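An overview of the molecular structure
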Amino acid sequence: MTSSVSSSMESLILKLHEISAVKFGSFKLKSGITSPIYIDLRLIVSYPNLLREISQTLVSTIPSTTQYDVICGVPYTALPIATTVSVTTAVPMVMRRKEIKDYGTSKAIEGSFNPDQICLIIEDLVTSGTSVLETAAPLRAAGLKVADAVVLIDREQGGRENLAQNGITLHSLMNLREMVGVLREKGKVSEETEAMVLRFLEENSKVSVPEKAKIVPRISSYGERAKITKNPTGKRLFEVMVEKQSNLCLAADVGTAAELFEIAEKVGPEICLLKTHVDIFPDFTPDFGSKLRSGVHLVIAERYNFLIFEDRKFADIGNTVTMQYEGGIFRILDWADIVNAHIISGPGIVDGLKLKGLPRDRGLLLLAEMSSSGNLAKGDYTAAAAKIAEDHSDFVIGFISVNPASWQGGPGNPAFIHATPGVQMVTGGDALGQQYNTPYSVIHERGSDIIIVGRGIIKATNPAEVAREYRIQGWDAYMAKCKNSSN
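The structure displayed is predicted, hence computed values, not measured ones.

Calculation criteria
Residues numbered from 1 in each chain as written. Predicted model: local features only at pLDDT ≥ 70, side-chain atom pairs only at ≥ 80, totals over all residues. Heavy atoms only, no water. Helix = DSSP H or I, 4+ residues; strand = E, 2+ residues; numbered from the N terminus. Buried < 20%, exposed > 50% of the residue type's maximum accessible area, 1.4 Å probe, protein only. Contact = heavy atoms within 4.5 Å. Areas by Shrake-Rupley, 256 points an atom, 1.4 Å probe, with all protein chains shown as cover. Expected span 1.5 Å × (residues − 1). Pairing = 2+ DSSP bridges. Axes fitted to C-alpha atoms, helices over the stretch in contact; angles between N-to-C directions. Phe/Tyr/Trp six-rings, centres within 6.5 Å; stacked < 30°, edge-to-face > 60°. Polar contact = N/O pair within 3.5 Å; in protein donor to acceptor, adjacent residues only side chain to side chain. Core = buried A, V, L, I, M, F, W, Y, C linked by side-chain atoms within 4.5 Å. Salt bridge = Lys/Arg side-chain N within 4 Å of Asp/Glu carboxyl O.

1. Considerations on the overall build of the protein
Helix and strand counts for the protein stand at 18 helices and 18 strands. Expressed as a percentage of its 487 residues, the buried residues of the protein come to 55%. Considering only contacts within the protein whose residues lie at least 6 apart along the sequence, 70% involve residues at least 24 apart. Carbon together with sulfur atoms contributes 52% to the accessible area of the protein, which is approximately 20,300 Å² in total.

Structure follows, in structure tokens:
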């Protein structure tokens, strides 16, 4: 028997080999490296007795001093292990979704939990630790504390160290050297194969974590985030939010300019941002832009201290959007503090808008996600938006997003603002596919910063009173999130 390996552990290793869960050859791992050994633990779902044995042994690996209230298995292979652990120990389980639904609750974390609870992550195998970090990020964004992870097999290729750098202690049942040593001792593999694996481990002892999977420390305070924001408008928006204790944006999707001025006057004291759709107005005139910035609307914006966001959703190539932004009949550049854009045409659209907007200290929000049912802004598209934002952080101030807590690495760079549309006092949707969520779920559970509310305020009998209630609910959710982050 190899030293440090118990008889029960030796038996478990042989059982895994017997079901062909341990394979030798040439295999590309998630980290991108090619390995001479591959552990396929997805097979254990077909062997219930082995699954039960693994789960029970895994629990015994956790130090008695390790505290946890709930457990979460890394999808997908560790889910049956975590489920078995939950059932046998009566410890509640939560589940992280790898793909977030664009209907229903659209949650990144499923299950019942309290934001201040401690979650233990369960994984089948760790190489670099990337999968554990990708699970820890949305758990932490949802308010859960993650300090420990337990794994069946540690490949000893930097995962333990990478996790430690992100505040997670790894507990492992066995490592790859021990596993191969047992198999060689029992005549299941040759000395040459063992030597090949050991040489591979020596040459690949430190597998790095992709940047997108690293957990970025999340600064919750709007005031602190204002200090690290490069763009003047982004900085000013954070400051306005703090000064007014408001993270409420009014989506003023009204029919005329006159109605816009009227609703802005009513709810101005409650909002940090006014979102407009100038191309809706039938009473638009060529001098509308100058009136908006130098006339009564500027007085309202200054009096009530809010910024103006034209929801233009630019989507063309760089040269075209430059002209759309600066010229035409709307002359948006002259009066809008903030505009937004799709990234469908690539990063050139940001270059075009920045060419005119940055010298005027304007800001840009990228549409990373949308709240309409069946939309295509998800997955790789969202990841591309995040990358473009990082590359243009002097002009991009953040995102229109729906569930930033579900992103790899969570909401990401705290210098960026997340604004979420489709907010109502109650969850649900409308006949046109718009999906609604509450202020608390958007700010506290989904990791956003600004709630965008339209019809819930505009159609109210008393818009000012309802806007005040939305402001209070949004701010209370933000304060609760700050409290959880400081614990």
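That covers the picture; the talk isn't over yet.
2. Let's talk about helix 2 (residues 48-61)
With 14 residues, helix 2 ought to run about 20 Å at 1.5 Å a step, and its terminal C-alpha atoms sit 20 Å apart, in line with that. Turning to helix 2, its buried residues number three or more, namely Leu50, Leu51, Glu53, Ile54, Ser55 and Leu58. Turning to helix 2, the residues buried within the fold contact helix 1 (7-18), helix 3 (78-89), strand 6 (118-126), strand 7 (145-154) and strand 8 (169-175).

3. Some points on the sheet that holds strand 15 (residues 417-420)
The 8 strands are arranged 9-10-11-12-13-14-15-18 in a closed barrel whose pairing can be described as parallel. Between one strand axis and the next, the sheet turns through 25° on average, direction left out of account. Taken together, the 3 bridges between strand 11 (residues 307-314) and strand 12 (residues 338-341) define a ladder with parallel strand orientation. Residue pairing in the sheet places Glu310 in a bridge with Val339 of strand 12. Sitting on the sheet, helix 9 (residues 232-244) touches strand 10 (273-276), strand 11, strand 12, strand 13 (363-367), strand 14 (396-400), strand 15 and strand 18 (450-453), and the angle it makes with strand 11 is about 130°.

4. As for unusual backbone geometry
Backbone phi values are negative for most residues with the exception of glycine, while trans is the configuration of most peptide bonds. The omega torsion of the bond from Pro75 to Tyr76 falls at 5°, within 30 degrees of zero and hence cis. Along the chain, Tyr76 turns up in the loop between strand 3 (70-73) and helix 3. With phi around 45°, Arg331 is a residue other than glycine that occupies positive phi space. Relative to the helices and strands, Arg331 is located in the loop between helix 13 (318-326) and strand 12. The exposure class assigned to Arg331 is partly exposed, which follows from its relative accessible area of 38%. In this structure, Asp361 is a non-glycine residue whose phi angle is positive, near 60°. With respect to the helices and strands, the residue Asp361 is situated in the loop between helix 14 (348-357) and strand 13. Of the residues examined, Asp361 reaches a relative accessible area of 42% and is grouped as partly exposed.

5. Concerning the packing of aromatic side chains
Going through the model one piece at a time under the given rule, you end up with 9 aromatic pairs. An angle of 65° between the planes, with centres 5.8 Å apart, marks the rings of Phe314 and Tyr325 as edge-to-face. A residue pair is termed long-range when its members are at least 10 positions apart, and Phe314 in strand 11 and Tyr325 in helix 13 qualify at 11 residues. The pair formed by Phe314 and Tyr325 is uniform in burial state, with each residue classed as buried. Ring geometry for Phe399 against Trp407: centres 5.2 Å apart, planes inclined by 75°, an arrangement best described as edge-to-face. With a relative accessible area of 2%, Phe399 lands in the buried category.

6. A word on helix 6 (residues 176-185)
Within helix 6 the residues assigned to the buried category are Leu176, Met179, Val180, Gly181, Val182 and Leu183. Its side-chain oxygen placed 3.1 Å from the backbone nitrogen of Arg177, Asn175 serves as the N-cap of helix 6. Gly187, located one to two residues past helix 6, shows a positive phi value of around 75°.

7. Structural notes on the side chain of Thr77
Tracing the backbone shows Thr77 in the loop between strand 3 and helix 3. By relative accessible area, Thr77 is classed as buried at 18%. When residues no more than four places from it in sequence are discounted, the contact partners of Thr77 are Leu41, Arg42 and Asp124.

8. Observations concerning the nonpolar core
Within the largest apolar cluster, 79 residues are counted, with the highest numbers of intra-cluster contacts made by Leu237, Leu250, Phe314, Leu353, Leu364 and Leu366. Filtering out sequence-adjacent residues up to four positions away, Leu364 remains in contact with Val339, Asn340, Ala341, Val350, Leu353, Phe395, Val396, Ile397 and Gly398. In this structure, Ile33, Leu125, Val197 and Phe200 belong to the second largest nonpolar core, which totals 42 residues.

9. Here's the deal with the pattern of salt bridges
Within the structure shown, the criterion is met by 24 salt bridges. Where Asp311 meets Lys313, a salt bridge forms, and the shortest distance between an N and an O atom there is 2.8 Å. Residue classification places Asp311 among the buried residues on the basis of a relative accessible area of 7%. Owing to a relative accessible area of 26%, Lys313 belongs among the partly exposed residues under this scheme. Of the charged contacts in the structure, one is a salt bridge between Asp394 and Lys354, with a shortest N-O distance of 3.3 Å. A residue pair is termed long-range when its members are at least 10 positions apart, and Asp394 in the loop between helix 15 (380-391) and strand 14 and Lys354 in helix 14 qualify at 40 residues. The class of Asp394 is partly exposed, set by a relative accessible area of 29%. Several salt bridges share partner residues, and in doing so they unite Lys235, Arg236, Glu239 and Glu243 into one network.

10. Observations concerning the sheet that holds strand 3
Sheet architecture is open: 6 strands sit in the order 5-4-3-6-7-8, paired in mixed fashion. Edge positions in the sheet fall to strand 5 (109-110) and strand 8, since each has one partner strand and no second. Strands in contact with helix 4 (residues 130-141) are strand 3, strand 4 (93-96), strand 5, strand 6 and strand 7; relative to strand 6, the strand with the most contacts, it is inclined by about 160°.

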